[in-house]
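# Survey of secondary and tertiary structure
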Amino acid sequence: MPRHPKSDPFSGWRTAVAVALLVVTGLVWGAPPAEAEYADVVLNRLSEANGMRPVIYPHWFHRIRFRCKVCHSELGFKMRAGSNDINMMKLMDGKYCGMCHNNNVAWGLDNCHRCHSGRPGMETGVRGGHKAGGPGFW
Amino acid sequence: MVRVWRGLWMLLCVVVLAFPAQAADKRNWKALEKDDVHDPQGPSLQDLQHPSEALKTLPSDGAGNQVDWVNALRNGFIQPRTNILPETQVNVLDLDLIYSNTGDQPFVRFPHRPHTEWLDCVNCHEEIFKTKFNGSGIKMSLILEGKFCGQCHGAVAFPLTECKRCHSVSPDTFRGQFGAQGPVPAQSAPAAGKSSPSAPDGKQTPNATPPKK
């Protein structure tokens, strides 16, 4: 069969259609980027007032290693960000974070900047909550 | 005819080429220095684990932070500890509740088991939810304000846009009782006791009370 130049599949409207199909496919199947900070808790009631960065508590990291019940039952953390009266003295006494961050279960409290790692100026609360979720209103 | 066949072949090529793009894990989590929460100048930032490193191996979810946490726990992708103190009693309750007061939406099935695998009874009862079935005044508008289920769903659990995950029971086909579903299996928490409400008449039992802890 003689090959006509116009029948080349990589020319003209066919290429345009193929490219358009690829673009549409990518748009339809492409997933939106995930938010790492989903339920990161910012604690800044005392931190910046005392010359430290706000504390960032990452839920995602801790729940890989501990179930919710460990912190919210055994350690006594209430279920709402900012509702716990936490300060470093209590942590040093082995309460709240200090129950694990004691160089025994997890690294100790002398690693100040691992927790006090937040961007200055943030208020206490949950970050990264879904727009239709409760924390978006808190 | 040749053109038609060529067109079909091209369409096939497009689909074949595009499938790996769909199958590949498209999840990407922001690096800590770019997450708008951490201070990029923080002196210990390099000590911290990045979310992508930990989460990319966990089962995928289309909502929330893109991880199916219940699946991850149940199928052994993660083995989070249940307690720190050896004397702590670990409670797991396998009891579903069917809520019928859902307006035009399908009924809600609340499964205690995936919740108690993560949480302890006291995390929800009695402060957020009364143990008495239908005793808490749950409304969707309040959930959307961050009360009841909304305290966790939308923050650490799948968001409230995932309607059908809770509103999962069709009123057209549901033939059971409302409230607690059947007896508590033997493998559930000893603290759950043996009391199991039942409504054999199949009518709504607003006073059906799940077993107390």
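Residues numbered from 1 in each chain as written. Chains lettered and ligands numbered in written order. Predicted model: local features only at pLDDT ≥ 70, side-chain atom pairs only at ≥ 80, totals over all residues. Heavy atoms only, no water.

### Overview of the overall build of chain A
The line we're drawing: Think of it this way: any DSSP run of H or I at least four residues long counts as a helix, any run of E at least two long counts as a strand, and we number them from the N terminus. Summary of the burial criterion: residues with accessible area below 20% of their type's maximum are buried, those above 50% are exposed, and those between are partly exposed, where the area comes from a 1.4 Å probe applied to protein chains only. Contacts between residues were defined by any pair of non-hydrogen atoms, one from each residue, lying within 4.5 Å. To be clear on the numbers: accessible area is Shrake-Rupley with a 1.4 Å probe, and residue cover counts the displayed protein chains and nothing else.
The helix and strand tally for chain A stands at 5 helices and 3 strands. Each helix (α) and strand (β) of chain A, taken in turn from the N terminus, gives the series α-β-β-α-α-α-α-β. In chain A, which comprises 138 residues, the proportion classed as buried is 36%. A sequence separation of at least 24 residues applies to 52% of the contacts in chain A between residues at least 6 apart. Summed over all atoms, the accessible surface of chain A reaches about 7700 Å², with 62% contributed by carbon and sulfur.

### Brief notes about the overall build of chain B
The helix and strand inventory of chain B stands at 7 helices and 3 strands. Along its sequence from the N terminus, chain B presents helices and strands in the succession α-α-α-β-β-α-α-α-α-β. For chain B, the residues scored as buried account for 41% of the 213 residues in total. When contacts within chain B are restricted to residue pairs at least 6 apart in sequence, long-range pairs at least 24 apart make up 52% of them. Accessible surface for chain B amounts to roughly 12100 Å². Of this, 57% is attributable to carbon and sulfur atoms.

### Considering the pairing of strand E1 (residues 40-43) of chain A
All names here are of chain A. Counted only if it meets this: Any two strands with at least two DSSP bridges between them are considered paired.
The sheet contact formed by E1 and strand E2 (residues 55-58) spans 4 bridges and is antiparallel. Looking at the pairing, Val41 lines up with Tyr57 of E2. Pairing geometry for E1 and strand E3 (residues 125-127), over 3 bridges, is antiparallel. Its bridge partner being in E3, Asp40 is matched across the sheet by Arg127.

### Some words on the pattern of salt bridges
Where charged atoms from two side chains of opposite charge come close, those side chains can pair. This is how it is decided: Salt bridge, as used here, is a side-chain nitrogen of Lys or Arg placed within 4 Å of a carboxyl oxygen of Asp or Glu.
Evaluation of the coordinates by the stated rule reveals 11 salt bridges over all chains. Across the pair Asp39 of chain B and Arg53 of chain A runs a salt bridge whose closest N-O atoms are separated by 2.8 Å. You can see Asp39 of chain B sitting in the loop between helix H1 (2-23) and helix H2 (51-55) and its partner Arg53 of chain A sitting in the loop between E1 and E2, one on each of two chains. Between Asp96 of chain B and Arg109 of chain B there is a salt bridge; the shortest N-O distance is 2.8 Å. Here Asp96 of chain B is found in strand E1 (residues 96-99), whereas its partner Arg109 of chain B is found in strand E2 (residues 108-111), with 13 residues between them in sequence.

### A short note on the sheet that holds E2 of chain B
All names here are of chain B. Ordered by their spatial adjacency, 3 strands build an open sheet running E2-E1-E3, and the pairing between neighbours is antiparallel. Each end of this open sheet is capped by a strand with a single partner; those strands are E2 and strand E3 (179-180). Two strands pair when backbone bridges link them, and E1 and E3 are joined in this way by 2 bridges, in the antiparallel orientation. Across the sheet, residue Ile98 finds its bridge partner in E3, namely Gly179.

### Examining the environment of Ala20 of chain A
On the secondary structure map, Ala20 of chain A appears in helix H1 (residues 13-29). In this structure the C-alpha to C-alpha distance between Ala20 of chain A and Arg80 of chain A, which are 60 residues apart in sequence, comes to 48 Å.

### A closer look at the sheet that holds E3 of chain A
All names here are of chain A. Applied cut-off: Fitted lines through C-alpha atoms serve as axes, helices being fitted only where they are in contact, and the angles separating the N-to-C directions of these axes extend from 0 to 180 degrees.
Here 3 strands make up an open sheet; going across it, the order is E2-E1-E3 and the pairing antiparallel. In this open sheet, the two edge strands, each paired with only one partner strand, are E2 and E3. Direction aside, neighbouring strands of the sheet carry axes that sit 30 degrees apart on average.

### Considering the state of the cysteines
Here, disulfide denotes a covalent bond that connects the sulfur atoms of two cysteines. All names here are of chain A. How we decide: What counts as a disulfide here is a pair of cysteine sulfur atoms lying within 2.5 Å.
Evaluation of the coordinates by the stated rule reveals 0 disulfides over all chains. As a non-bridged cysteine, Cys100 has Cys71 as the owner of its nearest cysteine sulfur, 6.4 Å distant. Cys112 takes part in no disulfide bond, and the closest cysteine sulfur, belonging to Cys115, lies 8.9 Å away. Relative accessible area serves as the criterion here: at 36%, Cys112 is assigned to the partly exposed category.

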